[in-house]
Amino acid sequence: MDEFAHVRVAPEPLDAVEVLGRLSDATHGAQLLFVGVVRNDNLGRKVVAVSYDAFGPLAERTLRDICLEARTRWGEALRLEVAHRTGRLLVGEASVIVAVGSGHRSEAYEASRYVLEQLKVRVPIWKKEHYESGDSEWLRGHELGAHGRVGIGGGPLDANGTGQGEP
Amino acid sequence: MRVTVRLFGSFRKYGDGSRLELDLPTAGGLPALRGALVSKLKALHPEFAEDQLVGESVFATEAAVLDDWAVLSDGASVAILPPVCGG
């Protein structure tokens, strides 16, 4: 993975302190940490847990693309750490971390917001809420548009599903 | 030809929750795959009524989301990705 950014989509609990430690850079004057946590209600329903599902390889690839876009927009000095959990999380547990290191605070705030908003609409991750009533429901999400779609390009897809244009 | 469709998100409640095997005419592409998937789901689950969700979903490999004109070969494996909601 590129040294300026690390991404991970995995079931292991998220460690904000560890993530911030990896951002350490003497040229930076700003470190910004966003932590998304499981909330205990949604649209008036009492939530007790959320299960996250992900298409891991494509999710991490898309996150890397988003980080590259952020660096293009906010400068070569930017460093990013993005991690998203999978599996069942209880209320209060961290589901996503976006950490940004940069020379000054302005680009850290903007890049952090950009990465998170893009993650929500482009990265193949889904959440199923579990309610106090005992039932559960997959949440409606954002349709994946033309972002990064590929066409015929090279030959037909193979049994490994590696797709067109793979090296 | 045979194509494997990996299931994610709300599609995990169908089949074995992991994947479905579909048989397609060789001239098919993703539109044919989409139709075959709906037929398979209705055969497996007579109560299936999420045709619209299949239409709102995309197919992808581990590398990229696919355009409808992508060509599938026998033994291909793709994922169906419903609308996403990470975070």
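All figures in this text were calculated on a predicted structure; none of them were measured in a lab.

1. Notes on the environment of Ala94(A)
Residues and elements named next belong to chain A.
Alright, step 1. Relative to the helices and strands, Ala 94 is located in strand E7 (residues 94–102).
Alright, step 2. Given 17 C-beta atoms within 10 Å, Ala 94 falls into the partly exposed group.
Alright, step 3. Sequence-wise, Ala 94 and Arg 64 are 30 residues apart; in three dimensions their C-alpha atoms are separated by 21 Å.
Alright, step 4. Discounting chain neighbours no more than four positions away, the residues touching Ala 94 are Leu 14, Val 35, Gly 36 and Val 37.

2. Things to note about the sheet that holds strand E4 (residues 77–81) of chain B
Sheets are built from strands that pair by backbone hydrogen bonding, the pairs being arranged parallel or antiparallel.
All names here are of chain B.
Alright, step 1. With respect to topology, four strands assemble into an open sheet ordered E2-E1-E4-E3, the strand pairing being mixed. Single-partner strands in this sheet number two, and they are strand E2 (19–23) and strand E3 (58–60). Taking each pair of neighbouring strands and ignoring which way they run, the sheet shows an average axis angle of 35°.
Alright, step 2. Here E3 runs beside E4; their pairing, made up of three bridges, is antiparallel. By the bridge assignment, Val 58 is partnered in E4 with Leu 81.

3. Focus on the environment of Ser18(B)
Residues and elements named next belong to chain B.
Alright, step 1. Mapped onto the elements of the fold, Ser 18 is located in the loop between strand E1 (2–7) and E2.
Alright, step 2. Along the sequence, Ser 18 and Leu 66 sit 48 residues apart, while their C-alpha atoms lie 20 Å from each other.
Alright, step 3. The residues touching Ser 18, leaving out its near neighbours within four places in the chain, are Arg 6 and Leu 7.

4. Observations regarding the nonpolar core
Alright, step 1. In terms of nonpolar packing, the biggest core is built from 59 residues, with Cys67(A), Val115(A), Ala60(B) and Leu81(B) touching the most fellow members.
Alright, step 2. In terms of residues, this core owes the most to one element, helix H2 (residues 56–74) of chain A, which gives seven residues.
Alright, step 3. With residues up to four places along the chain from it excluded, the contact list for Ala60(B) reads Phe55(A), Leu58(A), Val65(B), Leu66(B), Val78(B), Ala79(B) and Leu81(B).

5. A short note on helix H3 (residues 105–122) of chain A
Residues and elements named next belong to chain A.
Alright, step 1. Relative to the 26 Å expected for 18 residues at 1.5 Å per residue, H3 spans 26 Å between its end C-alpha atoms, a close match to the ideal helical length.
Alright, step 2. Within the span of H3, buried status applies to Glu 107, Ala 108, Ala 111, Ser 112, Val 115, Leu 119 and Arg 122. In an axial view of H3, the angular spread of the buried residues amounts to 135°, which keeps them on one side of the axis. Residues of H3 that are exposed and point over 90 degrees away from its buried face: Ser 106 and Glu 117.
Alright, step 3. Considering only its buried residues, H3 is in contact with strand E2 (30–37), H2, strand E5 (79–85) and E7.

6. Structural notes on the confidence of the model for chain A
Alright, step 1. Chain-level statistics for chain A give a pLDDT mean of 88 and a share of 86% at 70 or above.
Alright, step 2. Under a pLDDT of 50 for its full length, residues 146–167 of chain A has, in the predicted model, 56 contacts with residues more than four places off or in other chains.

7. Quick notes on the pairing of E4(B)
All names here are of chain B.
Alright, step 1. Judged by how many residues are buried, E4 sits mostly within the fold: four of five residues are covered.
Alright, step 2. The sheet contact formed by E1 and E4 spans four bridges and is parallel. For Thr 4, the partnering residue across the bridge sits in E4 and is Ser 77.

8. Here's the deal with the packing of H2(A) against H3(A)
Residues and elements named next belong to chain A.
Alright, step 1. Where H2 contacts H3, the axes come no closer than 10 Å and their chain directions differ by 150°. By the angle between their directions, the pair H2 and H3 is classed as roughly antiparallel. As H2 packs across H3, the resulting crossing turns out to be right-handed. Residues Thr 62, Leu 63, Ile 66, Cys 67, Ala 70 and Trp 74 of H2 form the contact with H3, whose own contacting residues are Glu 107, Glu 110, Ala 111, Tyr 114, Val 115, Gln 118, Leu 119 and Arg 122.

9. A word on the sheet that holds E2(A)
All names here are of chain A.
Alright, step 1. Taken in spatial order, the four strands make up an open sheet running E1-E5-E7-E2, and their pairing is mixed. Every other strand in the sheet has two partners, leaving strand E1 (5–10) and E2 as the edge strands with one partner each. Across the sheet, the mean angle from the axis of one strand to that of its neighbour is 5°, orientation sign disregarded.
Alright, step 2. Here E5 pairs with E7 via six bridges, running antiparallel. Looking at E7, one finds that Glu 81 is bridged to Ala 99.

10. Thoughts on the environment of Gly141(A)
Alright, step 1. In this structure, Gly141(A) sits in the segment after strand E9 (136–138).
Alright, step 2. Residue Gly141(A) is classed as buried on the basis of its 22 C-beta neighbours within 10 Å.
Alright, step 3. Each C-alpha atom, one on Gly141(A) and one on Tyr52(A), is 13 Å from the other, the two residues being 89 residues apart in sequence.
Alright, step 4. Here Gly141(A) is in contact with Trp126(A), Pro82(B), Pro83(B), Val84(B) and Cys85(B), once residues within four sequence places are set aside.

Thresholds applied
Residues numbered from 1 in each chain as written. Chains lettered and ligands numbered in written order. Predicted model: local features only at pLDDT ≥ 70, side-chain atom pairs only at ≥ 80, totals over all residues. Helix = DSSP H or I, 4+ residues; strand = E, 2+ residues; numbered from the N terminus. Buried ≥ 20, exposed ≤ 12 C-beta atoms within 10 Å, placed from the backbone. Contact = placed C-beta atoms within 7 Å. Pairing = 2+ DSSP bridges. Axes fitted to C-alpha atoms, helices over the stretch in contact; angles between N-to-C directions. Core = buried A, V, L, I, M, F, W, Y, C linked by C-beta atoms within 7 Å. Expected span 1.5 Å × (residues − 1). Arc of directions from axis to C-beta. pLDDT = per-residue confidence, 0-100. Parallel < 35°, antiparallel > 145°, perpendicular 65-115°, else oblique. Left-handed = near helix turned anticlockwise from the far one by under 90°.

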